Amino acid sequence: MSSETGAAKNLDEVEKSSQLETYDEKLGLDSLDSSNGDAALQLVGAQATAHFSEEYNRRLRRKLDLVIPTISAAVYFSQYLDKTSLNYASIMGFPIIGQNYNLVSMAFYLGYLFWEFPTVYISQKLRLAKYLGGNIVVWGIILMLHASTDNFGAFFALRFLLGMCESCVAPCLILIVSMFYKKDEQAKRISWFYIMNGLTQVFGGFVAYGISFYGGNVLPPYKIIYILLGALAIVVGIVVLIWLPDSPVNASMLTKEERIAALERVRNDQGGTENKKFKKDQVIEALTDVRTWLVVLSTVLTTIPNGGLTNFSNIIIKSFGYTSKQTLILATPAGFIASAMVLFCGWYSDKKGERMIPVVFALIPTIVGTAILIGLNGSKSKGVLLFATYILGTFGSALSTIYAYNASNTSGHTKKVTINAMTMATFSIGNIIGTEIFQPKDAPAYIPGKTAIMISLILQLCISILLRWINVRLNKKRKAQLAEEKARRGWTDDDVQRERERHAFADLTDRQNIFFVYTN
């Protein structure tokens, strides 16, 4: 009888032990396999052994800021000029018009969509910055080739290839920022390069305005635009190849001590660095995370206006009764307003630890602007209509904040790569839809297109609030789980910190890692 009781007791202990192991595995507390961890483990190990002063970390951050956001801004400056070159060409003698113009505009995003998933998984296997730099040089060459043809088919093919090359830009830069900067620094740094979307609108407008005075005796003005912008992209690509670091582990701009300090700076954020191994379970987790699909839907709804306004904003302004030259100048203030909103949202996002509230700030002016354009359509109030076009571009800040949301709220390198790919693939889908909401038959008012923009952004407001609520709820559950685990194991605060450090570079996903904290 006693042997039966002992066997039953042993069986209960085995079952309890098994349940605890399952629980530990679920929370990322089981034994960690360092061979599956990030490359950072080779340099700093599983526990923090080096500690650096706040002053040292501030100096290091300033050093990083001089290089990473600066070069990233140059990349975005070149990319957005290249992407909107069609907008300038449209009023400078571009030979493709009507529905063919819509198709040429769409071709860029078709190439983007086609190549997004392959490009992010290729970049995971290669040196990130080197892959990005190579793509930039190639797209510069492709852009210059736009000046060699007047044929619809050739333009369509070149725009498709351009989209393929540019599809790696945002995912690569988001990963680099997430590896070098803490969560409360990421949104601001992303805003520092995303601001170029607005500033290029100003710069490109003035350049196009100057070229518009050229009589076109040798080359049509739009061809000069393509040659100049293509050459600029090649120069930027070379700069990226030489100076932009891939990750803190192999950043040649840093000493070995600084590379260790850069990794220790971000250890507590639990975001990890780079990992060359493709992990199927992380892909599955990305696909089964409801937040992924809400981010995807957010991106589509935010980029529908982008697809339309990127290529039709100048046409809309010209429809108020301005000449082509006047349109190029009058369109530039919108770039300043969009840039100011990007900087404000980036600052607010990091200062308050918020991601979705700044999205709401960014969307409201665009909704108001489209309402004005619809309500005052056909009126003589040119000044009010022009003001409405100036506040349309604030929605772009929402996309930069979504990028920051991904950087701050995803862990596990393959999961990060997958979510970034899905975000940017749907970026192209939204833009494809956007190019088609402005139909030639609706010119010059384009009321259906403006209405579609307003509806999309109102829906996006609702999704932003839902995403924020989900993260608040997840953090409450995570906090309770950690308190329960701390009590169960008898951990002190020092024990918790030691475990947090041990998990930082284990390439665990945000679901697997009990120490991961979501940013609202």
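Residues numbered from 1 in each chain as written. Predicted model: local features only at pLDDT ≥ 70, side-chain atom pairs only at ≥ 80, totals over all residues. Heavy atoms only, no water.

S.K.: I keep staring at the overall build of the chain and nothing clicks. Help me out?
M.R.: If you tally the helices and strands in the chain, you get 21 helices and zero strands. If you take every contact in the chain between residues at least 6 apart in sequence, the share linking residues at least 24 apart comes to 85%. When the accessible surface of the chain is summed, it comes to about 20500 Å², and 64% of that surface belongs to carbon and sulfur atoms. (Helix = DSSP H or I, 4+ residues; strand = E, 2+ residues; numbered from the N terminus. Contact = heavy atoms within 4.5 Å. Areas by Shrake-Rupley, 256 points an atom, 1.4 Å probe, with all protein chains shown as cover.)

S.K.: Where do I start with the environment of E166 in this structure?
M.R.: Positionally, E166 belongs in helix α6 (residues 152–166). Sequence separation between E166 and I136 is 30 residues, and the spatial gap between their C-alpha atoms is 7.2 Å. Look past the residues within four positions of E166 in its chain and what remains in contact with it is Q79, D82, K83, F108, Y112 and W139.

S.K.: Is there a simple way to explain the confidence of the model for the chain in this structure?
M.R.: Mean pLDDT over the chain works out to 83, with 88% of the residues at or above the 70 mark. Of all helices and strands in the chain, the one with the weakest mean pLDDT is helix α1 (residues 2–26) (43), whereas helix α5 (residues 128–145) scores best (94). This model gives residues 1–23 a pLDDT under 50, and the stretch forms five contacts once residues within four places in sequence are excluded. (pLDDT = per-residue confidence, 0-100.)

S.K.: Looking at this model, I keep getting lost on the environment of A73. Mind explaining?
M.R.: Counting through the fold element by element, A73 comes out in helix α3 (residues 54–89). Sequence separation between A73 and N197 is 124 residues; the distance between their C-alpha atoms is 9.4 Å. Every residue in contact with A73, bar those within four places of it in the chain, is listed here: W192, F193 and M196.

S.K.: What should I look at first to understand the nonpolar core in this one?
M.R.: Across soluble globular proteins, nonpolar side chains show a tendency to be buried alongside one another. Grouped together as the largest cluster of nonpolar side chains are 118 residues, with contacts concentrated most on Y76, F94, L132, F180, Y226 and Y403. Take this core: its biggest share by element is 13 residues, from α3. In this view, Y76 contacts V169, A170, L173, F193, Y194, M196, N197 and Y403; residues no more than four positions away in its chain are not counted. (Core = buried A, V, L, I, M, F, W, Y, C linked by side-chain atoms within 4.5 Å. Buried < 20%, exposed > 50% of the residue type's maximum accessible area, 1.4 Å probe, protein only.)

S.K.: When you look at the packing of aromatic side chains in this model, what are you seeing that I'm missing?
M.R.: Here the distance between the centres and the angle between the planes together describe a pair of aromatic rings. Taken as a whole and judged by the stated rule, the model has 20 aromatic pairs. With 5.2 Å between their ring centres and 75° between their planes, Y348 and F361 make a pair best called edge-to-face. Pair noted here: Y348 is in helix α15 (residues 332–352) and F361 is in helix α16 (residues 356–375), with a separation of 13 residues, a long-range link. Note on Y348: relative accessible area 18%, which makes it buried. Grouped by ring-pair contacts, the aromatic residues Y76, F193, Y194 and Y403 constitute a single cluster. The positively charged end of K183 is found above the aromatic ring belonging to F516, 3.7 Å away from the centroid. The ring of Y322 has K382 sitting right over it, with the charged end atom 4.3 Å from the ring centre. (Phe/Tyr/Trp six-rings, centres within 6.5 Å; stacked < 30°, edge-to-face > 60°. Lys NZ or Arg CZ within 6 Å of the ring centre and 35° of its normal.)

S.K.: Explain the packing of α16 against helix α18 (residues 396–409) to me, please; I cannot follow it from the model alone.
M.R.: Packed helices, taken two at a time, are described by their axes: the angle between them and the distance between them. The interhelical angle for the contact between α16 and α18, taken along N-to-C directions, is 170°, at an axis separation of 8 Å. Considered as vectors, α16 and α18 are oriented roughly antiparallel to each other. Within the contact between the two elements, α16 uses M356, P358, V359, A362 and L363 and α18 uses S397, A398, T401 and Y405. Class assignment for the residues of the contact of α16 with α18 results in seven nonpolar, two polar and no charged. (Axes fitted to C-alpha atoms, helices over the stretch in contact; angles between N-to-C directions. Parallel < 35°, antiparallel > 145°, perpendicular 65-115°, else oblique. Nonpolar A, V, L, I, M, F, W, Y, C, P; charged D, E, K, R; others polar.)

S.K.: Which parts of the structure should I look at to understand a nonpolar patch on the surface?
M.R.: On the surface, I238, L241, I242 and W243 cluster together into a nonpolar patch covering about 390 Å² of accessible area. As for its placement among the helices and strands, I238 is situated in helix α10 (residues 221–243). For I238, a relative accessible area of 40% corresponds to the partly exposed category. (Patch = residues over 30% accessible without salt bridge, like charges linked within 9 Å, V, L, I, M, F, W, Y side chains within 5 Å. Salt bridge = Lys/Arg side-chain N within 4 Å of Asp/Glu carboxyl O.)

S.K.: For this particular structure, what's the right way to read the side chain of T410?
M.R.: Residue placement: T410 occurs in the loop between α18 and α19 (413–437). A distance of 3.1 Å separates a polar atom in the side chain of T410 from the backbone oxygen of N406. Leave out the neighbours within four places in its chain, and T410 touches K415, K416, I419, D510 and F516. (Polar contact = N/O pair within 3.5 Å; in protein donor to acceptor, adjacent residues only side chain to side chain.)

S.K.: Got a minute to help me understand the pattern of salt bridges in this structure?
M.R.: Side chains that differ in charge, positive against negative, can pair when their charged atoms come close. Summed over all chains, the structure comprises 22 salt bridges. For D510, the salt bridge goes to R291, with nearest N and O atoms at 3.2 Å. Pair noted here: D510 is in the segment after α21 (493–503) and R291 is in helix α13 (residues 290–318), with a separation of 219 residues, a long-range link. On the accessibility criterion, D510 (0% relative accessible area) is buried. Residues joined in a network through salt bridges with shared partners are E285, D289, R291, K415 and D510.

S.K.: Mind showing me how you'd approach the side chain of R189 here?
M.R.: Within the secondary structure, R189 sits in helix α8 (residues 183–194). Setting aside anything within four residues of it in sequence, one finds R189 in contact with R61, D65, P69, V177 and Y181.

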